[in-house]
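Analysis of the macromolecular model
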Amino acid sequence: MTRQVRTRRRVVCAAVAGILAAGSPAAVTSAASAADTSTSGNAVIVWDRNAQTAIWDVASQQPQVQARSFAMVHGAVYDAVNAIAGRPYQPYLSAPHTNGRESVDAAVGTAAFHVLDSLFPSQQARLRTQYDEWLTAIPDGIAKRRGISVGSRTAAAMISARRDDGAFGDPAWPVGTGPGQWRPTPPTNANDGAWVANLKPFLIPSASMFRSSGPPALTSDQYARDVNEVKAIGAVNSTIRTVDQTQAAVWWHDRHLGEWEIKRQLATSQRLSVLQTARMFALVDLAEADATTACYNEKGAWMSWRPVTAIQLADTDGNPATDADPTWMPLLVTPPHPNFASGHTCFTAASMSALRHVFGRDDISFSAYSEASGTTRYFGSFSQAVAEVIEARIWGGIHTRTADVEGAKIGAQVTAYTIRNYFRPRR
């Protein structure tokens with residue numbers, strides 16, 4: 001790594017740390033200090049893995065869809081665990097009456113199962129078998145029956161709350177023809193995900209509440225710097241991108257998201273109780289979902305073209321500092337939606353700032369493996385991960401720097417709003 005690259009990485013990490021710090025009030029003292037700190041057989045972790053199986057391994061949902069599914073599962077699970085613990089934290093949607101002697105394992109499994117069952121009708125038989133096997137391992141009795149009742153009620157509340165929330169359908173992004181306007185990109189020329197821009201948020205009052213000032217003007221110096229940077233380092237045949245940068249670009253682009261492994265790893269390594277895990281997963285996943293919606297709403301507001309279009313048609317942008325290359329192609333396949341702002345930096349900044357808040361510090365180490373890249377990436381802090389994803393989307397040739405940085409700001413703002421208004425201690 002050159003001195004220039006090391007210096008730039010330090011600058012980016014410092015800037016990102018500022019973004020996360022500004023978006024994340026100090027961590028609160030745990031309201032569940034008496035909670036069991038054992039993570040042995042943590043039901044929330046088990047059912048997060050089960051959710052991953054349904055959401056990705058079987059259904060192959062894309063990240064913007066995954067976000068909604070995981071949020072629904074963990075919102076219901078959190079409400080069930082929090083209710084049984086005596087509601088030490090603000091409920092998300094509901095707080096069924098409990099006496100504290102209900103089976104937490106039964107409640108977690110039931111809440112997750114019913115949400116997943118509602119999301120994936122084609123997997124009902126497999127999910128029922130998985131759930132029945134889970135219940136079989138829990139001793140029969142009143143605690144089990146009451147735990148099932150609690151989980152059923154929190155799942156029902158979640159399913160009802162998300163009915164007619166704007167998910168799915170077939171709206172398309174408007175296709176432009178002028179300079180700077182988005183249009184489908186090769187090789188897929190696909191147009192997908194426009195519905196996410198108008199999905200009902202889980203937490204924030206409006207998907208447009210963190211609207212930015214938009215992408216730089218086509219004739220600006222910043223625009224030229226953005227385009228020329230990604231043109232040089234993000235090309236499929238780039239001669240300046242390093243092997244590590246290539247691996248990072250692919251690692252962050254893996255649709256099997258590393259964030260799932262990171263979340264479970266941290267719950268285990270930091271020895272969170274079941275309640276603490278449920279709260280952390282809910283905070284992270286619901287913030288991620290709303291950051292994704294806010295980011296897609298931002299995409300719809302600006303409809304800016306992707307780097308591959310900008311570079312191939314640079315002779316139309318009116319900027320003398322950019323030159324067209326009609327044959328230019330990025331390292332990664334460009335996703336089927338507009339450039340500004342970056343969905344992945346929105347998502348990652350939301351999750352990392354949430355984790356920073358939960359643990360009250362930035363410098364916690366974690367890692368995750370990607371089958372797509374065949375590598376494990378290691379991070380020494382949450383801000384380091386955000387700094388790298390900002391770079392990785394440029395290295396992959398699919399986003400400009402401004403789109404990445406603004407996306408990270410939106411993600412951090414969503415988490416800051418979440419922390420101020422949800423999942424707070426009640427006493």
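Here, the structure is the one placed above.
The structure contained in this document is the topic of the report that follows.

What counts and how
- Residues numbered from 1 in each chain as written.
- Predicted model: local features only at pLDDT ≥ 70, side-chain atom pairs only at ≥ 80, totals over all residues.
- Heavy atoms only, no water.
- Helix = DSSP H or I, 4+ residues; strand = E, 2+ residues; numbered from the N terminus.
- Rg over C-alpha atoms; globule rule 2.2 N^0.38 Å.
- Buried < 20%, exposed > 50% of the residue type's maximum accessible area, 1.4 Å probe, protein only.
- Contact = heavy atoms within 4.5 Å.
- Areas by Shrake-Rupley, 256 points an atom, 1.4 Å probe, with all protein chains shown as cover.
- Axes fitted to C-alpha atoms, helices over the stretch in contact; angles between N-to-C directions.
- Left-handed = near helix turned anticlockwise from the far one by under 90°.
- Nonpolar A, V, L, I, M, F, W, Y, C, P; charged D, E, K, R; others polar.
- Core = buried A, V, L, I, M, F, W, Y, C linked by side-chain atoms within 4.5 Å.
- Pairing = 2+ DSSP bridges.

Attention now goes to the overall build of the chain. Along the chain, the regular secondary structure elements total 14 helices and 2 strands. For 427 residues, the compact-globule estimate of 2.2 N^0.38 gives 22 Å, and the C-alpha radius of gyration of the chain, at 22 Å, lies within 12% of that figure. Along the first, second and third principal axes, the C-alpha atoms of the chain reach 75 × 45 × 40 Å. A buried classification covers 57% of the 427 residues belonging to the chain. Taking all contacts inside the chain whose residues are at least 6 apart in sequence as the whole, residues at least 24 apart take part in 80%. Taken as a whole, the chain presents about 16700 Å² of accessible surface, with 52% of it coming from carbon and sulfur.

The subject of this paragraph is the packing of helix H3 (residues 63-84) against helix H10 (residues 274-302). Two elements in contact, H3 and H10, have axes separated by 8 Å at closest approach and are oriented at 150°. As for how H3 packs across H10, the hand of that crossing is left-handed. Touching Gln64, Ala67, Arg68, Phe70, Ala71, His74, Gly75, Val77, Tyr78, Val81 and Asn82 of H3 are Val274, Leu275, Ala278, Arg279, Phe281, Ala282, Asp285, Leu286, Ala289, Thr292 and Tyr296, all from H10. A breakdown of the residues in the contact of H3 with H10 according to their chemical character gives 14 nonpolar, 5 polar and 3 charged.

Within the largest apolar cluster, 89 residues are counted, with the highest numbers of intra-cluster contacts made by Val77, Phe202 and Leu355. Considering every element that reaches this core, the biggest residue donor is H10, with 10 residues. Setting aside chain neighbours within four positions, we find Leu355 in contact with Ile262, Leu266, Met280, Val284 and Phe382. Counting residues in hydrophobic clusters, the runner-up holds 14 residues, among them Phe210, Cys295, Cys346 and Ile410.

A few words now on the pairing of strand E2 (residues 375-379). Alternating positions in E2 separate cleanly, Thr375, Arg377 and Phe379 being buried on one face and Thr376 and Tyr378 remaining unburied on the opposite face. Looking at chain direction, strand E1 (residues 366-370) and E2 are connected through 5 bridges and run antiparallel. When the sheet's bridge partners are listed, Tyr369 is paired in E2 with Thr376. Counted between consecutive antiparallel strands, the loop separating E1 from E2 contains 4 residues, among which Gly374 sits at a positive phi close to 70°.

In this section: the environment of Ala217. Within the secondary structure layout, Ala217 lies in the loop between helix H6 (142-161) and helix H7 (221-233). Relative accessible area serves as the criterion here: at 47%, Ala217 is assigned to the partly exposed category. Sequence separation between Ala217 and Val81 is 136 residues, and the spatial gap between their C-alpha atoms is 49 Å.

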